[in-house]
Amino acid sequence: MKIFDRPGFPNPARIRIVLAEKGLDSQINFVSVDLIGAEHKQAEFLEKNPSGVLPVLQLDDGTYIAECTAITEYLDNLDGDPRLTGRTPKEKALIHMMQRRAEAELLDAVGNYFHHATPGLGTALQAFKSPAWEGRKDWGDRQREKALGGLRYFDNVLKDSPFIAGDHFSLADITVYAGLMFGDAAGITIPDDHAALKTWRETVSEIPSVKNRSGQAFGSEDLRRLGF
Ligand SMILES: N[C@@H](CCC(=O)N[C@@H](CS)C(=O)NCC(=O)O)C(=O)O
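Notes on the structure follow. In this text the structure is predicted, and so the values were computed from the model without any measurement.

### Considerations on the overall build of the protein
Right, so step 1: Looking only at helices and strands, the protein features nine helices and four strands.
Right, so step 2: Going from the N terminus to the C terminus, the protein shows its helices and strands as β-α-β-α-β-β-α-α-α-α-α-α-α.
Right, so step 3: Put simply, the protein has 228 residues, and 50% of those count as buried.
Right, so step 4: Taking contacts inside the protein between residues at least 6 apart in sequence as the whole, the part at least 24 apart equals 70%.

### Remarks on the environment of Phe 114
Right, so step 1: Tracing the backbone through its elements, the reader meets Phe 114 in helix α4 (residues 89–117).
Right, so step 2: Distance in space between the C-alpha atoms of Phe 114 and Gln 143 is 9.0 Å, their sequence separation being 29 residues.

### Some details on the packing of α4 against helix α5 (residues 137–159)
Right, so step 1: Running from N to C, α4 and α5 point in directions that differ by 150 degrees, and their axes come no closer than 7 Å. Viewed along their axes, α4 and α5 form a crossing whose handedness is left-handed.
Right, so step 2: When the residues that make up the contact of α4 with α5 are grouped by side-chain class, the tally is 14 nonpolar, five polar and six charged.

### So, the pairing of strand β1 (residues 2–5)
Right, so step 1: The sheet contact formed by β1 and strand β2 (residues 29–32) spans four bridges and is parallel. Considered in β2, the bridge of Ile 3 is made with Phe 30.
Right, so step 2: With helix α1 (residues 10–21) bridging β1 and the parallel β2, this β-α-β connection has right-handed handedness.
Right, so step 3: Direction of pairing for β1 relative to strand β3 (residues 56–58): antiparallel, over a ladder of three bridges.

### Describing the site of the ligand
Right, so step 1: Around the ligand, 14 residues are found, and the nearest of them are His 40, Val 53, Leu 54, Glu 67 and Cys 68.
Right, so step 2: Separating a nitrogen atom of the ligand from a backbone N or O atom of Leu 54 is a distance of 2.8 Å.
Right, so step 3: Between Glu 67 and the ligand, the recorded distance is 2.7 Å, taken from a side-chain N or O atom to a nitrogen atom.
Right, so step 4: Coverage of the ligand by the protein chains reaches 84% of its 510 Å² of free accessible surface.
Right, so step 5: Sorting elements by how many residues they give to the shell around the ligand places α1 first, with four residues.

### A look at the sheet that holds strand β4 (residues 64–66)
Right, so step 1: In spatial order, the strands read β2-β1-β3-β4; together these four strands make up an open sheet with mixed pairing. Taken across any chain shown, the strands that pair with only one partner, and hence form the sheet edges, are β2 and β4. Taking the axes of each pair of neighbouring strands and ignoring which way they run, one obtains an average angle of 25 degrees across the sheet.
Right, so step 2: In the packing of α1 onto the sheet, the strands contacted are β1 and β2, and the crossing angle to β1 comes to about 150 degrees.
Right, so step 3: Those strands touched by helix α3 (residues 68–77) are β3 and β4, and its axis lies near 120 degrees from that of β4.

### Some points on the layout of surface pockets
Right, so step 1: In this model, the second largest pocket occupies a volume close to 230 Å³.
Right, so step 2: In terms of lining, the second largest pocket is formed by Thr 69, Ala 70, Glu 73, Asn 77, Thr 85, Gly 86, Lys 92, Ile 95, His 96, Gln 99, Arg 100 and Leu 171.
Right, so step 3: At the level of secondary structure, the elements contributing two or more residues to the lining of the second largest pocket comprise α3 and α4.
Right, so step 4: The element contributing the most residues to the lining of the second largest pocket is α4, with five residues.
Right, so step 5: Residues that form the lining of the second largest pocket fall into these classes: three nonpolar, six polar and three charged.
Right, so step 6: Two domains each donate at least three residues to the lining of the second largest pocket, and these are domain 1 (2–77) and domain 2 (89–207).

### Quick word on α3
Right, so step 1: Looking only at α3, the buried set comprises Cys 68, Ile 71, Thr 72, Leu 75 and Asp 76. Projection of α3 onto a plane perpendicular to its axis shows the buried side chains occupying an angular sector of 125 degrees, all on one side.
Right, so step 2: Against the buried residues of α3 lie α1, β3, β4 and α6 (171–186).

Procedures and definitions
- Residues numbered from 1 in each chain as written.
- Predicted model: local features only at pLDDT ≥ 70, side-chain atom pairs only at ≥ 80, totals over all residues.
- Heavy atoms only, no water.
- Helix = DSSP H or I, 4+ residues; strand = E, 2+ residues; numbered from the N terminus.
- Buried < 20%, exposed > 50% of the residue type's maximum accessible area, 1.4 Å probe, protein only.
- Contact = heavy atoms within 4.5 Å.
- Axes fitted to C-alpha atoms, helices over the stretch in contact; angles between N-to-C directions.
- Left-handed = near helix turned anticlockwise from the far one by under 90°.
- Nonpolar A, V, L, I, M, F, W, Y, C, P; charged D, E, K, R; others polar.
- Pairing = 2+ DSSP bridges.
- Right-handed = clockwise from strand over helix to strand, strands pointing away.
- Near = heavy atom within 4 Å.
- Polar contact = N/O pair within 3.5 Å; in protein donor to acceptor, adjacent residues only side chain to side chain.
- Areas by Shrake-Rupley, 256 points an atom, 1.4 Å probe, with all protein chains shown as cover.
- 1 Å grid on protein atoms, 1.4 Å probe; cavity = no way out; pocket = protein on both sides within 12 Å on 5 of 7 lines; lining within 4 Å.
- Points joined across faces, edges and corners; volume = space filled by probe spheres on them.
- Domains from an automatic or database assignment.
- Arc of directions from axis to C-beta.

This is how it looks when you write it as structure tokens:
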């Protein structure tokens, strides 16, 4: 199997954590794609993923799987013990629900703020932004407020639960964790009074699959080049 990604970015980090959790690193060849140079917006990459985003998994039979949720579902089921995406119907549903909230209310909101209200990934990508969003910094700024609401929501969830979707580490935790990594780079950080979220982050940072991977997030050459 191959993963097309770029170390140092939050969505690739989600899958690198999953691979480590499932002990699959040795079965994967990583292919680095130049995000800042807009390689992911060129025809060759768009054939793999028409959405023009990373990561993408390529199976040995040539099939491409994009979207972190889909990639995680595939990898999590390979060993017949899908603990990251849920073993029972109830677990599956709760993890799905919470991970979707983590994307919508936090990770994607931070990304929208970053791409639309800040210089984002730099000049090479400007040409690929949809004209519909031209001059919509106000919308990007509102996404920052949405992300702050997401942080408040997950802090409240974690006052009553050790993990985002119940009593064990799951895909929902990975998505929130990636949202916090992205927030660090974009300047959306956990407010001081969100104690439950801060404690959870410390706990999750110590999980081996996360600890070994998180150093690659936003410490990268790429974002330093852009001044983050
Ligand atoms: N929903 C997608 C999001 C992927 C995504 O936004 N990836 C970022 C890297 S962290 C990307 O490729 N951004 C490039 C761009 O927006 O031009 C997923 O779950 O895989």
